[in-house]
Amino acid sequence: MQTFIENMPKAELHLHIEGTFEPELMFEIAQRNGIELPFADVEALRKAYDFRRLQDFLDIYYQGMNVLREEQDYYDLTWAYITKIHSENVLHTEIFFDPQGHTARDVPFETAVNGIHRALVDGKEKLGISFGLIMCILRHLDADDAMATLEQGFLHKDKIIGLGLDSSELGHPPEKFTDVFVRAKAEGFVIVAHAGEEGPPEYVYQALDLLKVDRIDHGNRALEDDALTQRIADEGMALTVCPLSNLKLCVVEDLAAHPIKEMLHAGLKATINSDDPAYFGGYMNANFLQLAEAVDLSKADVITLARNGFESTFLPDADKQVLL
Ligand code: ADE
Ligand code: ZN
């Protein structure tokens, strides 16, 4: 199974570029920017990656991205991710970035987007990895800040294909941002949102009905509602599932308890993704392999999950067909 997964072509659809920040690179960039990290060394930082819930992780994730200041920092971060997935036979990736995590620290929007995008273009030209770049709104901040951030994103439509919603889910329902997402869709952005990771099925309904999402990020808790599950299946709406993230953030108690088989049996278009691989202990191959071993997936199941990934990209149909 390991060789099978390693050799299998894969598409990644749920990946926060700031969540690929490996401790070694974080210390290197901190040093060159003259920033002191509140950890003695790489080991001390890795030891802090012990989370009981999403917020525990987010606190350390925002602290980590704090060392990113210059366009080259964003380039280096993204290039490290691209070379990693190249070694794992990932042919296409649609990645998120969190502009407000940078602009709130007075790093200009364009510094982040230009550095990330330049590395993605190099990945396409040098390694043949196609990509999409999606800006995410931090849902713990207010709707006015989100709208102002979206306006900045519109200045980079040549680089950004869509809008997503991430950060602290509980207490920040999708409806808080309805106007922002309606505006984004009207301007031609594709729409995704984290929903049903920690939040209730109601948040998934809101993502569908109010934000008009084209994919649901996570979506685990949709399974608690049969009518909702049926609707997502009927609409052929993809779920970007993140097994190791679910484990590390205690969305599931144990990988063996992961609901991926229930999702497939319910006819849901589930895909496998790594979310924040530097923090959760594995990139695409590790997510596929550890999940397959934990719940005893067949090779046919693994192929279905990988094919769902390619079918659910935001590539134009002609380009999608080439990958399929
Ligand atoms: N930001 C980065 N990773 C996230 C996740 N899994 N859920 C919500 N916000 C995030
Ligand atoms: Zn995520």
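What you see is a predicted model; the values in this text were computed from it and never measured.

Here is what the cut-offs are and how they apply
Residues numbered from 1 in each chain as written. Chains lettered and ligands numbered in written order. Predicted model: local features only at pLDDT ≥ 70, side-chain atom pairs only at ≥ 80, totals over all residues. UniProt positions renumbered as here; feature names shortened; annotations may be inferred. Helix = DSSP H or I, 4+ residues; strand = E, 2+ residues; numbered from the N terminus. Contact = placed C-beta atoms within 7 Å. Core = buried A, V, L, I, M, F, W, Y, C linked by C-beta atoms within 7 Å. Buried ≥ 20, exposed ≤ 12 C-beta atoms within 10 Å, placed from the backbone. pLDDT = per-residue confidence, 0-100. Pairing = 2+ DSSP bridges. Axes fitted to C-alpha atoms, helices over the stretch in contact; angles between N-to-C directions. Right-handed = clockwise from strand over helix to strand, strands pointing away. Expected span 1.5 Å × (residues − 1). Left-handed = near helix turned anticlockwise from the far one by under 90°. Nonpolar A, V, L, I, M, F, W, Y, C, P; charged D, E, K, R; others polar.

**Focus: the UniProt feature "active site" (unreviewed entry) in the protein**
Point 1. Within the UniProt annotation, "active site" (unreviewed entry) is assigned to Glu197.
Point 2. Looking at where glutamate 197 falls in the secondary structure, it is placed in the loop between strand 5 (190–195) and helix 10 (201–209).
Point 3. Apart from the residues lying within four places of it in its own chain, the contact partners of glutamate 197 are Leu54, Glu169, His218, Asn220 and Val251.

**As for the nonpolar core**
Point 1. One finds Phe97, Ile116, Ile134 and Ala207 to be the most contacted residues of the largest nonpolar core, which totals 84 residues.
Point 2. Broken down by element, the residue count for this core peaks at seven residues, all from strand 3 (residues 130–138).
Point 3. For alanine 207, the contacting residues outside a window of four places in its chain are Pro174, Ala193, Ala195, Val213 and Ile216.

**Re unusual backbone geometry**
Point 1. Even without being glycine, lysine 212 reaches a positive phi, approximately 55°.
Point 2. Along the chain, lysine 212 turns up in the loop between helix 10 and strand 6 (215–218).
Point 3. Residue lysine 212 is classed as partly exposed on the basis of its 14 C-beta neighbours within 10 Å.

**Quick word on the environment of glutamate 262**
Point 1. Tracing the backbone shows glutamate 262 in helix 13 (residues 260–265).
Point 2. With 14 C-beta atoms packed within 10 Å, glutamate 262 lands in the partly exposed category.
Point 3. Sequence-wise, glutamate 262 and leucine 223 are 39 residues apart; in three dimensions their C-alpha atoms are separated by 8.3 Å.

**Some details on the environment of alanine 292**
Point 1. With respect to the helices and strands, the residue alanine 292 is situated in helix 15 (residues 284–295).
Point 2. Residue alanine 292 is classed as buried on the basis of its 23 C-beta neighbours within 10 Å.
Point 3. Between the alpha carbons of alanine 292 and leucine 255 there is a distance of 9.5 Å; along the sequence they are 37 residues apart.
Point 4. Those residues within four positions of alanine 292 in sequence are excluded, and the remaining contacts are Met1, Ile5, Leu297 and Val302.

**As for the confidence of the model for the protein**
Point 1. In this model, the protein carries an average pLDDT of 98, and 100% of its residues clear a pLDDT of 70 or more.
Point 2. For this predicted complex, the interface score ipTM comes out at 0.98, while the overall pTM is 0.98.

**Some remarks on the sheet that holds strand 6**
Point 1. One open sheet accounts for eight strands, arranged 1-2-3-4-5-6-7-8; its pairing is parallel. Whereas interior strands pair on both sides, the edge strands pair on one side only; in this sheet they are strand 1 (10–12) and strand 8 (269–272). Looking at each pair of strands side by side, their axes are set apart by 25° on average, direction ignored.
Point 2. With three bridges joining them, strand 6 and strand 7 (residues 238–241) adopt parallel strand pairing. Counted as the bridge partner of isoleucine 216 is leucine 239 from strand 7.
Point 3. Sheet strands touched by helix 15: strand 1, strand 2 (90–97) and strand 8. Its angle to strand 8, the strand with the most contacts, is close to 120°.

**What to know about the pairing of strand 3**
Successive side chains on a regular strand alternate, one facing one side of the sheet and the next facing the other.
Point 1. Among the nine residues in strand 3, seven count as buried, and that is most of the element.
Point 2. With six bridges connecting them, strand 2 and strand 3 associate as parallel partners. The partner of glutamate 94 across the bridge, within strand 3, is glycine 132.
Point 3. As a crossover connection, the stretch from strand 3 through helix 8 (residues 143–154) into strand 4 (residues 162–166) is right-handed.

**A short note on helix 16 (residues 299–311)**
Point 1. A rise of 1.5 Å per residue sets the reference length of helix 16, with its 13 residues, at 18 Å; its end C-alpha atoms lie 18 Å apart and thus fit the reference within 8%.
Point 2. Of all the residues in helix 16, the buried ones are Leu305, Asn308, Gly309 and Phe310.
Point 3. Against the buried residues of helix 16 lie strand 1, strand 7, strand 8 and helix 17 (317–323).

**Here's the deal with the pairing of strand 6**
Point 1. Relative to strand 6, strand 5 runs parallel, the two being bridged by four bridges. Paired with histidine 194 across the bridge in strand 6 is aspartate 217.
Point 2. For the handedness criterion, the β-α-β arrangement of strand 6, helix 11 (residues 226–235) and strand 7 is classed as right-handed.

**Some remarks on the packing of helix 5 (residues 71–87) against helix 7 (residues 109–127)**
Point 1. For the pair helix 5 and helix 7, the least separation of the axes is 7 Å and the interaxial angle reads 35°. The two elements helix 5 and helix 7 cross, and the hand of that crossing is right-handed. Contacts between helix 5 and helix 7 involve Glu71, Gln72, Asp73, Tyr74, Tyr75, Thr78, Trp79, Ile82 and His86 from the former and Thr111, Ala112, Asn114, Gly115, Ile116, Arg118, Ala119, Leu120, Asp122, Gly123 and Leu127 from the latter.
Point 2. Residues that form the contact of helix 5 with helix 7 fall into these classes: nine nonpolar, seven polar and four charged.

**Thoughts on the UniProt feature "binding site: Zn(2+)" (unreviewed entry) in the protein**
Point 1. As annotated in UniProt, the feature "binding site: Zn(2+)" (unreviewed entry) corresponds to His14, His16, His194 and Asp275 in the numbering used here. Of the residues just listed, which span 262 residues, no C-alpha pair is farther apart than 11.7 Å, and they cluster in one region.
Point 2. Mapping histidine 16 onto the fold places it in the loop between strand 1 and helix 2 (23–32).
Point 3. Among residues more than four places away in sequence, those in contact with histidine 16 are Phe96, Asp98, Asp275 and Asp276.
Point 4. With respect to the helices and strands, the residue histidine 194 is situated in strand 5.

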